[in-house]
Amino acid sequence: SAPLSAVFEPACADRLYSVRYVRDLLAEHHIRLKKSLGQNFLVERNAVDAVTRAAQIGADDVVLEIGAGIGHLTRMLAQRARQVIAVEVDARLIPLLTQHVRDRVNCSVVHGDILADALDAWGRKSEPVPTCVVANVPYHISTPILTRLITARLPLRQVTLTLQREAAERFTAPMGSPRYGAIALGVQYWGQARIVSSVARTCFFPVPGVDSVVLRIVKHATPPVPLEDATFFFEMLDTAFAQPRKMLRNTLQPLQARGCDTAAALTAAGIDGRRRAATLCLADAARLSAYLRASIGAARGSDSAPR
């Protein structure tokens, strides 16, 4: 008989949301999903539809889907968006993904690694450029992926992620909470984040051992705090939170290798060097970043004092 993927027809697209079909398809192609890639497909039709609706994709949007798998979410996104750019890192899945979306003329399949490829350059080469991101994100790389997205120079207006609840709670953690860290501050700067809904474990194949949620982040029309150098701001956050139990005057010391007078910058920013990174609000962090950057500029003989 013909391979399952070869006989997949748009009129029978519902079979894609059958665990049996997915299991038999992978077995037929001798594909064993890899834990190292966090491969848990969102297969339950109502859950996939819920994620698609949560993303609030418009008819003019170009969607970058990260980790498209074999096309469960891709097909539904293509019903709403102007175009879907479906990126999948696992070469074994590319033929299956391509087959499952072959009737979606507004969908292009890309074999690539979002973490390894230069997102900015890739975005400039793409036509049209993505305006939204939708992804089913593995827990162990959720922070690197989100960091790449919010620091990339792409005209994104929103990001919608299906990910482990624990990760989503770190991304949305308020100051003072145990999970508050650099990524929470970065997200606050970039946009308004909200956990939209929960996703039952049984909606995935294979069934994961963790609880998942849908997180939606809508980019601010205007940043809540001014930053002259967002790249340096994110670097400073990573440095400050690298050793969260230590005082800022100690955790910021690595910046001194770049000519930064961290003590003077802390004083100028009105921040006690004995404080810890977890006590910084977004305004504090932005102000400190400005004075640290100015200190480096002064060491190099340039005029970059905060205005």
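Before reading on, note that the structure itself is shown above.
Worth saying up front: this structure is predicted, and the values here are computed from it rather than measured. (Residues numbered from 1 in each chain as written. Predicted model: local features only at pLDDT ≥ 70, side-chain atom pairs only at ≥ 80, totals over all residues. Heavy atoms only, no water.)

Right, let's talk about the pairing of strand β2 (residues 62–66) for a bit. Taken residue by residue, a regular strand's side chains alternate between the two faces of the sheet. Burial analysis of β2 places five of its five residues in the buried class, the great majority of the element. Side-chain alternation along β2 places Val62, Leu64 and Ile66 on one buried face and Val63 and Glu65 on a second face that is also buried. Sheet topology places β2 next to strand β3 (residues 83–88); five bridges connect them, and they run parallel. The partner of Ile66 across the bridge, within β3, is Val87. Taken together, β2, helix α3 (residues 72–80) and β3 constitute a β-α-β crossover, and its handedness is right-handed. Relative to strand β5 (residues 132–136), β2 runs parallel, the two being bridged by four bridges. Counterpart to Ile66 in the pairing with β5 is Ala135. (Buried < 20%, exposed > 50% of the residue type's maximum accessible area, 1.4 Å probe, protein only. Helix = DSSP H or I, 4+ residues; strand = E, 2+ residues; numbered from the N terminus. Pairing = 2+ DSSP bridges. Right-handed = clockwise from strand over helix to strand, strands pointing away.)

This part takes up the pattern of salt bridges. Pairing is possible between side chains of opposite charge, provided their charged atoms come close. Tallied over the full model, the rule gives 14 salt bridges. Here Arg45 makes a salt bridge to Asp14, at a shortest N to O gap of 2.8 Å. Of this pair, Arg45 sits in helix α2 (residues 45–54) while Asp14 sits in the segment before α1 (19–28), and the two are 31 residues apart along the sequence. Owing to a relative accessible area of 38%, Arg45 belongs among the partly exposed residues under this scheme. (Salt bridge = Lys/Arg side-chain N within 4 Å of Asp/Glu carboxyl O.)

Summed over the entire model, instances satisfying the criterion amount to four aromatic pairs. An angle of 80 degrees between the planes, with centres 6.3 Å apart, marks the rings of Tyr180 and Phe241 as edge-to-face. Here Tyr180, found in the loop between α7 (165–171) and α8 (182–190), pairs with Phe241, found in the loop between α9 (230–240) and α10 (248–251); they are 61 residues apart in sequence, far enough to count as distant. Ring geometry for Tyr189 versus Phe234: centroids 6.4 Å apart, planes at 75 degrees, classification edge-to-face. Here Tyr189, found in helix α8, pairs with Phe234, found in helix α9; they are 45 residues apart in sequence, far enough to count as distant. Across this residue pair, the class does not change: Tyr189 and Phe234 are buried. Each residue in the set Tyr189, Phe233 and Phe234 is aromatic and connected to the rest through ring pairs, giving one cluster. (Phe/Tyr/Trp six-rings, centres within 6.5 Å; stacked < 30°, edge-to-face > 60°.)

The tendency in soluble globular proteins is for nonpolar side chains to be buried as a group. Counting residues in each nonpolar core, the largest one holds 58 residues, and the members touching the most others are Leu163, Leu252, Leu288 and Leu292. With residues up to four places along the chain from it excluded, the contact list for Leu252 reads Met236, Thr239, Ala240, Thr262, Leu266, Leu288 and Leu292. Formed by 39 residues, the second largest nonpolar core is a distinct cluster that contains Tyr21, Val51, Ala81 and Phe204. (Core = buried A, V, L, I, M, F, W, Y, C linked by side-chain atoms within 4.5 Å. Contact = heavy atoms within 4.5 Å.)

We now examine the sheet that holds β5. Read across the sheet, seven strands follow the order β4-β3-β2-β5-β6-β9-β7 without closing on themselves; strand pairing throughout is mixed. Both edges of this open sheet fall to β4 (107–111) and β7 (191–199), since each of them pairs with a single strand only. The average angle at which neighbouring strand axes cross in this sheet is 20 degrees, direction not considered. As judged from the seven bridges shared by strand β6 (residues 158–164) and strand β9 (residues 212–219), these two strands associate in the antiparallel manner. Along β9, the bridge assignment pairs Gln164 with Ser212. Lying on the sheet, helix α6 (residues 142–151) is in contact with β2, β5, β6 and β9; it crosses β6 at an angle near 175 degrees. (Axes fitted to C-alpha atoms, helices over the stretch in contact; angles between N-to-C directions.)

Glancing now at the environment of Ile94. Looking at the secondary structure, you find Ile94 in helix α4 (residues 94–100). Here Ile94 falls in the buried class, since its relative accessible area comes to 17%. Each C-alpha atom, one on Ile94 and one on Val110, is 8.1 Å from the other, the two residues being 16 residues apart in sequence. Those residues within four positions of Ile94 in sequence are excluded, and the remaining contacts are Glu88, Val109, Val110 and His111.

With that settled, the discussion passes to α2. Listing the buried residues of α2 in full gives Ala47, Val48, Val51, Thr52 and Ala54. Mapping the buried residues of α2 onto a view down its axis gives an arc of 165 degrees, with all of them on the same face. The inward-facing, buried residues of α2 contact β1 (41–42), α3, β5, β6, β7 and β9. At the N-terminal boundary of α2, the capping side chain belongs to Glu44, with an oxygen 3.0 Å from the backbone nitrogen of Asn46. Gln56 sits one or two residues past α2 and shows a positive phi near 50 degrees. (Arc of directions from axis to C-beta. Polar contact = N/O pair within 3.5 Å; in protein donor to acceptor, adjacent residues only side chain to side chain.)

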